[in-house]
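Summary of the model geometry
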Amino acid sequence: MQSRELFSGVRVIELASVLAGPGVGQFFAELGAEVLKVESVINQGDVTRTWKLKGEVAGDISAYFTSINWGKKSIGIDISKKQGLEILYKLVSGADIVIVSYKPGDAEKLGVDYQSLKKIKGDLLYGKITGYGDDNPKVGYDAIIQAEAGFMSMNGEPDSKPVKIPVALMDILAGHHLKEALLLAYIHKLKTGEGGEVSVSLIEAAVASLANQGTNWLMARKVPSRQGSSHPNIAPYGDIFTSKDQREIILAVGTDKQFLNLCNCLNINDLPVSESYGNNAARVLNRRGLYAVLQSAIAQRESGELLDDLNKSKVPVGVVQNVKEAVQMGAVKSLLLKQGTFKGIATFAAHFGGVKDESSHLSPPPHFGAHTREVLTSQLGMTNEDIQKLYDSSVIS
């Protein structure tokens, strides 16, 4: 079976905005689900429609919005109005999954919390993203979570201020956690017929992703600090060197065997047998001297020839590329989305049977309210006259 058929016939209602929740919505769209993105008439849609780069063209589809809203139908509804909420409830009655990302208490005020919606659809799956959990009203934004979860304290050079990761990675991580939770809930539903609510907070998703940096403190009592791209536990790993032709080369040497092969390629065979660099613990301890020796040897080599030698010797190595270069790599070609003038990147990277499905079934990111009339007509059976009255009273857009 192709992955894009896995959720064919499943209907998802996305009441989430920004990145984490909409990323989950696009994930289900990529797997074949029908995703209805319900956007606020009052706010004129998802706020990321307005998050534009300097000089970006006018319109309601920004490059940011394009990153995470493929394959969806946009419906503009004012659910703070009784008629608007009634429309949403009718859509929920035919839905399988609802995704939300409200501040604590807002879903209850609007009547779109799990307890309210499960009265309409008893086996509904309800996926919720919060900043800090149900009991903390603080608004959760990626930059703040990066700071509070320890990521910024570790990111940057030793003498620099804390640096934010330039991708909203905490949102993306929370989205992945919610996908996993919803898939587990879906399996449970297939077994028992029962729906349910699952929730993920940004702060928990972030701390759960600290990995070895978390246990560097918990087990070794070492608070991680800023040390550029170098790895605290391994050397040379993450270190960047400059070749003769001024290419930036990164090494990720994780074993003594790989270090031996690296030294053979660089013709510095005395290093692996020295007391200072003979094993990883010694290399971590003598990191500064090791870097100087390696940089001196790498500076004498052209990058192309050096990378060929290292790759043949199974030494983990790469060059520092910009985003333009990264998305042009053959290895990621199957992830690229294109419909007309719209371009994007798929969120689901797995291959089924060794083959990555093409995503040609995905429609481009929708304009705000582009499918309101279509959905109300086809799914709720409303007449053009009824729909026009709703437009005139600003219930829909």
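Residues numbered from 1 in each chain as written. Predicted model: local features only at pLDDT ≥ 70, side-chain atom pairs only at ≥ 80, totals over all residues. Heavy atoms only, no water.

1. Some words on the sheet that holds strand β1 (residues 11-15)
- If you trace the six strands from one edge of the open sheet to the other, you get β3-β2-β1-β4-β5-β6, paired in parallel fashion. For this open sheet the edge positions go to β3 (72-77) and β6 (196-201), each flanked by a neighbour on one side alone. The average angle at which neighbouring strand axes cross in this sheet is 20 degrees, direction not considered.
- Bridge count for strand β4 (residues 97-100) against strand β5 (residues 125-130) is four bridges, and the pairing is parallel. Residue I99 lies in a different strand from β5, and its bridge partner there is G127.
- Docked against the sheet, helix α8 (residues 169-192) engages β4, β5 and β6, running at close to 160 degrees with respect to β5. (Pairing = 2+ DSSP bridges. Helix = DSSP H or I, 4+ residues; strand = E, 2+ residues; numbered from the N terminus. Axes fitted to C-alpha atoms, helices over the stretch in contact; angles between N-to-C directions. Contact = heavy atoms within 4.5 Å.)

2. Comments concerning the pairing of strand β7 (residues 237-242)
- Here β7 pairs with strand β8 (residues 248-252) via four bridges, running antiparallel. Residue T242 lies in a different strand from β8, and its bridge partner there is E248.
- Between the end of β7 and the start of β8, which pair antiparallel, lie five residues, with Q246 showing a positive phi angle near 65 degrees.

3. As for the environment of Y391
- Structurally, Y391 is set in helix α17 (residues 384-392).
- According to the relative accessible area criterion, Y391 is partly exposed, its value standing at 25%.
- With 18 residues separating them in the primary sequence, Y391 and R373 have C-alpha atoms 9.7 Å apart.
- In this structure, Y391 is in contact with T372, R373, I396 and S397, ignoring residues within four places of it in sequence. (Buried < 20%, exposed > 50% of the residue type's maximum accessible area, 1.4 Å probe, protein only.)

4. Remarks on the packing of helix α1 (residues 20-30) against α8
- The geometry of α1 relative to α8 is characterised by a closest axis approach of 8 Å and an angle of 50 degrees between their N-to-C directions. What the angle tells us is that α1 and α8 run oblique. The handedness of the crossing between α1 and α8 comes out as right-handed. Residues A20, G23, V24, F27 and F28 of α1 form the contact with α8, whose own contacting residues are D171, G175, L178, K179, L182 and L183.
- Tallied by class, the residues present in the contact of α1 with α8 amount to seven nonpolar, two polar and two charged. (Parallel < 35°, antiparallel > 145°, perpendicular 65-115°, else oblique. Left-handed = near helix turned anticlockwise from the far one by under 90°. Nonpolar A, V, L, I, M, F, W, Y, C, P; charged D, E, K, R; others polar.)

5. Things to note about the nonpolar core
- The biggest cluster of nonpolar side chains holds 43 residues, and the ones touching the most others in it are V12, F28, I97, I99, F151, L178 and L182.
- If you list the elements that add at least two residues to this core, you get α1, β4, β5, α7 (151-154), α8, β6 and α9 (202-207).
- Top contributing element to this core by residue count: α8, with eight residues.
- Here I99 is in contact with V12, I13, E14, L15, A16, G21, V24, G25, G127, L178 and L182, once residues within four sequence places are set aside.
- V92, Y114, L124 and I396 belong to the second largest nonpolar core, which has 29 residues in total. (Core = buried A, V, L, I, M, F, W, Y, C linked by side-chain atoms within 4.5 Å.)

6. Observations regarding the sheet that holds β7
- With respect to topology, three strands assemble into an open sheet ordered β7-β8-β9, the strand pairing being antiparallel. Unpaired on one side and paired on the other, β7 and β9 (317-319) mark the two borders of the sheet. In this sheet, adjacent strand axes meet at a mean angle of 25 degrees when their direction is disregarded.

7. Digging into the state of the cysteines
- Under the defined criterion, the tally for this structure stands at zero disulfides.
- Between C263, a free cysteine, and C265, which holds the nearest cysteine sulfur, the sulfur-to-sulfur gap is 9.4 Å.
- The class of C263 is buried, set by a relative accessible area of 0%. (Disulfide = S-S within 2.5 Å.)

8. Observations concerning the pairing of β1
- Of all five residues making up β1, four are buried, and the element is well covered by its neighbours.
- Sheet topology places β1 next to strand β2 (residues 34-40); four bridges connect them, and they run parallel. Directly across from E14, in β2, lies its bridge partner K37.
- For the segment spanning β1, α1 and β2, crossover handedness is right-handed. (Right-handed = clockwise from strand over helix to strand, strands pointing away.)

9. A look at α1
- Taking burial as the measure, the 11 residues of α1 include 11 buried ones, the bulk of the element.
- Three or more residues of α1 are buried, namely A20, G21, P22, G23, V24, G25, Q26, F27, F28, A29 and E30.

10. A word on the side chain of S62
- Along the chain, S62 falls in the loop between β2 and α2 (63-66).
- Judged by its relative accessible area of 0%, S62 falls in the buried class.
- Those residues in contact with S62 that lie beyond four places of it in its chain are T48, R49, W51, K52 and E56.

11. Observations concerning the pattern of salt bridges
- In total, this model carries 16 salt bridges according to the counting rule given.
- The partner of E39 in a salt bridge is R49, with the nearest N and O atoms 2.7 Å apart. Taken together, the positions of E39 in strand β2 and R49 in the loop between β2 and α2 put the pair 10 residues apart, joining distant regions of the chain.
- The exposure class of E39 is buried, given its relative accessible area of 3%. (Salt bridge = Lys/Arg side-chain N within 4 Å of Asp/Glu carboxyl O.)

12. Section: a negative patch on the surface
- A contiguous patch of negative charge on the surface is contributed by D245, E302, E305 and D308.
- With respect to the element layout, D308 can be found in helix α14 (residues 303-312).
- For D308, a relative accessible area of 45% gives the class partly exposed. (Patch = residues over 30% accessible without salt bridge, like charges linked within 9 Å, V, L, I, M, F, W, Y side chains within 5 Å. Areas by Shrake-Rupley, 256 points an atom, 1.4 Å probe, with all protein chains shown as cover. Lys, Arg positive; Asp, Glu negative; His and termini not counted. Charge placed at Lys NZ, Arg CZ, Asp CG, Glu CD.)

13. Concerning a nonpolar patch on the surface
- Together, V47, W51, V139, Y141 and I144 give the surface a local cluster of nonpolar side chains, amounting to about 420 Å² of exposed area.
- Its place among the elements puts W51 in the loop between β2 and α2.
- The class of W51 is partly exposed, set by a relative accessible area of 32%.

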